Amino acid sequence: MTNKDFFAALEDLEKEKGIPQEVFMEALSNALVSACKKQYAGAASRVDIRLNPEKGTIDFFTVKTVVEEVLDRETEISLADAQAIKKSYKIGDTVTEKFVPKDFTRIAAQTAKQVILQKIHETERDSAMNEFSNKEGELLVGIIRKIDAKNVYVELGKGQVEGLMLPSDQVPGEKYNVNDKIKVFVKRVKSGFRGAQVLVSRSAPGLVRKLFEEEVPEIKQGTVVIKEISREAGARTKMAIWSEDERVDAIGACVGNKGARVNAVVEELRGEKIDIIPWSENPLEFIAKALSPAKVISVTQLEGDKSAMVVVPDDKLSLAIGKDGQNARLAVRLTGWKIDVKSKSAAEKLGFIAEETEE
């Protein structure tokens, strides 16, 4: 069987896709054995296929074991018959004989083709997986290619990798349209049936972190550190920051000249509110800041593990708690403390004496 065009095509595929020709050769050999299994039944398990790219040949050989008594003519040969071929054969040796599969049908050939294509697909998938395996936690730009009833599918890289955005990773109120460019946060990379699949998110707090890294050089350089982020996507984010250099104003760096930096992030998040809060190693002070924009009169640690009572002016209670409790809820997530917010008048009625908190 001669097919120089086939081997020439393998060389072209190696140049085009960067897949070594040996990979295709192994795939072809396996594919032809698979095709033989369909065409020649039991004999196929003892077929040896040899490929020679230089000569452009594909040769088939039957493989039989030399035995004293033949029980399976498809896989065994008697010692006498083997020695008729070559006198040096002995019991236990294997005898190979070249044959031409004249009735190697189109179906068998199609089987070989399918296995080769599958190998190409697997190799491309593995290559894509290697490329994206270190992208977890990164910010990528993709193009929305498909939207079904629940999921959004984003094309990443050179189109070899599909990003999947599940409903839980979508932002309530955001509109997603096919062919739109979109920035996404990479949550996890996994290998799926259709190839490398990347789970991406628009709702993860990590998206906010990466957007600020893009906009604020001081964060990227490590001078300003994002300590914690709590987020309710589409509504509000609280971000605690700290400056490693006392000469650098962490909040000023994140806000930027005339608010340019924080506004760029807000625009990407399509209007989501962002509270930038100075982190403090003093937990009570941190709690007071976390309830921004509400003014806090005092914060007192209560009995029990990481629990505090916060007192605010009467007219600031609703601001401190926030709509549907959102502001207080985000402060709890940001600080890791249980927070009980009371108005000044309610605290006085309870006989609660607050410890003043410095602003």
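So, here's what we can say about the structure. (Residues numbered from 1 in each chain as written. Predicted model: local features only at pLDDT ≥ 70, side-chain atom pairs only at ≥ 80, totals over all residues. Heavy atoms only, no water.)

### Re the overall build of the chain
Reasoning step 1: The secondary structure content of the chain amounts to twelve helices and 15 strands.
Reasoning step 2: For the chain, buried positions account for 42% of its 359 residues.
Reasoning step 3: For the chain, the share of sequence-separated contacts (at least 6 apart) that also reach a separation of at least 24 residues comes to 59%.
Reasoning step 4: For the chain, the computed accessible surface area is about 20,400 Å², with 47% contributed by carbon and sulfur atoms. (Helix = DSSP H or I, 4+ residues; strand = E, 2+ residues; numbered from the N terminus. Buried < 20%, exposed > 50% of the residue type's maximum accessible area, 1.4 Å probe, protein only. Contact = heavy atoms within 4.5 Å. Areas by Shrake-Rupley, 256 points an atom, 1.4 Å probe, with all protein chains shown as cover.)

### Observations regarding the packing of aromatic side chains
Reasoning step 1: For the structure shown, the criterion picks out one aromatic pair.
Reasoning step 2: Seen from their ring centres, Trp242 and Trp279 are 5.6 Å apart, and the 85° between their planes marks the pair as edge-to-face. Of this pair, Trp242 sits in strand 11 (residues 236–243) while Trp279 sits in the loop between strand 12 (273–278) and helix 9 (283–290), and the two are 37 residues apart along the sequence.
Reasoning step 3: Relative accessible area serves as the criterion here: at 22%, Trp279 is assigned to the partly exposed category.
Reasoning step 4: Sitting over the ring of Tyr89, Lys86 keeps its end group 5.0 Å from the ring centre. (Phe/Tyr/Trp six-rings, centres within 6.5 Å; stacked < 30°, edge-to-face > 60°. Lys NZ or Arg CZ within 6 Å of the ring centre and 35° of its normal.)

### What to know about the environment of Lys210
Reasoning step 1: Take Lys210: it is sitting in helix 5 (residues 205–215).
Reasoning step 2: If we ignore the near neighbours within four places in the chain, the residues touching Lys210 are Gly137, Glu138, Leu139 and Phe185.

### What to know about the pattern of salt bridges
Reasoning step 1: Summed over all chains, the structure comprises 19 salt bridges.
Reasoning step 2: For Arg50, the salt bridge identified is with Asp48, shortest N-O distance 3.0 Å.
Reasoning step 3: Between Asp275 and Arg236 there is a salt bridge whose closest N-O contact spans 2.7 Å. Pair noted here: Asp275 is in strand 12 and Arg236 is in strand 11, with a separation of 39 residues, a long-range link.
Reasoning step 4: Residue classification places Asp275 among the buried positions, given a relative accessible area of 10%.
Reasoning step 5: A cluster of three or more residues bridged by salt bridges with shared partners is formed by Glu174, Arg202, Glu268 and Arg270. (Salt bridge = Lys/Arg side-chain N within 4 Å of Asp/Glu carboxyl O.)

### Remarks on the nonpolar core
Reasoning step 1: Core analysis: the biggest nonpolar cluster contains 22 residues, and Phe212, Met239, Ile241, Cys254 and Ile276 have the highest contact counts within it.
Reasoning step 2: Going through the elements one at a time, helix 5, strand 10 (224–232), strand 11, helix 7 (250–255), helix 8 (260–268) and strand 12 are the ones with two or more residues in this core.
Reasoning step 3: Per element, the largest residue contribution to this core is four residues, and it comes from helix 5.
Reasoning step 4: Val296, Val312, Ala328 and Val341 belong to the second-largest nonpolar core, a separate cluster that totals 21 residues. (Core = buried A, V, L, I, M, F, W, Y, C linked by side-chain atoms within 4.5 Å.)

### Thoughts on the sheet that holds strand 14 (residues 307–312)
Reasoning step 1: One open sheet accounts for three strands, arranged 13-14-15; its pairing is mixed. Strand pairing shows two members of the sheet lacking a second neighbour, strand 13 (298–301) and strand 15 (338–343), which therefore form its edges. Sheet twist, expressed as the mean angle between neighbouring strand axes with direction ignored, is 20°.
Reasoning step 2: As judged from the six bridges shared by strand 14 and strand 15, these two strands associate in the parallel manner. Across the sheet, Val310 pairs through a bridge with Val341, a residue of strand 15. (Pairing = 2+ DSSP bridges. Axes fitted to C-alpha atoms, helices over the stretch in contact; angles between N-to-C directions.)

### Let's talk about the pairing of strand 2 (residues 57–67)
Reasoning step 1: Buried residues dominate strand 2, accounting for eight of its eleven residues.
Reasoning step 2: Pairing analysis gives six bridges linking strand 1 (residues 47–52) to strand 2, with the strands arranged antiparallel. Opposite Val47, over in strand 2, you have Thr62 as the bridge partner.
Reasoning step 3: Linking strand 1 to strand 2, which pair antiparallel, is a turn of four residues; within it Gly56 sits at a positive phi near 70°.
Reasoning step 4: In the sheet, strand 2 pairs with strand 4 (residues 94–99) via six bridges, with the strands oriented antiparallel.

### Observations regarding the packing of helix 5 against helix 8
Reasoning step 1: With their axes 9 Å apart at the nearest point, helix 5 and helix 8 run at an angle of 140° to one another. Considering their axes alone, helix 5 and helix 8 lie oblique with respect to each other. Considering the relative orientation of helix 5 and helix 8, their crossing is right-handed. In this structure, helix 5 contributes Leu211, Phe212 and Glu215 to the contact, and helix 8 contributes Arg261, Val262, Ala264, Val265 and Glu268.
Reasoning step 2: Tallied by class, the residues present in the contact of helix 5 with helix 8 amount to five nonpolar, no polar and three charged. (Parallel < 35°, antiparallel > 145°, perpendicular 65-115°, else oblique. Left-handed = near helix turned anticlockwise from the far one by under 90°. Nonpolar A, V, L, I, M, F, W, Y, C, P; charged D, E, K, R; others polar.)

### A few points about the sheet that holds strand 11
Reasoning step 1: The strand order across the open sheet built from three strands is 10-11-12, with neighbouring strands paired in mixed fashion. Bordering the open sheet on either side are strand 10 and strand 12, each of which pairs with just one other strand. For this sheet the average axis-to-axis angle between neighbouring strands, irrespective of direction, equals 20°.
Reasoning step 2: One ladder, built from eight bridges, connects strand 10 with strand 11; its direction is antiparallel. Bridge pairing links Val225 to Trp242 in strand 11.
Reasoning step 3: Against the sheet, helix 5 touches strand 10, strand 11 and strand 12, its axis set at about 145° to strand 10.

No statement about biological role is implied by the geometric values presented.
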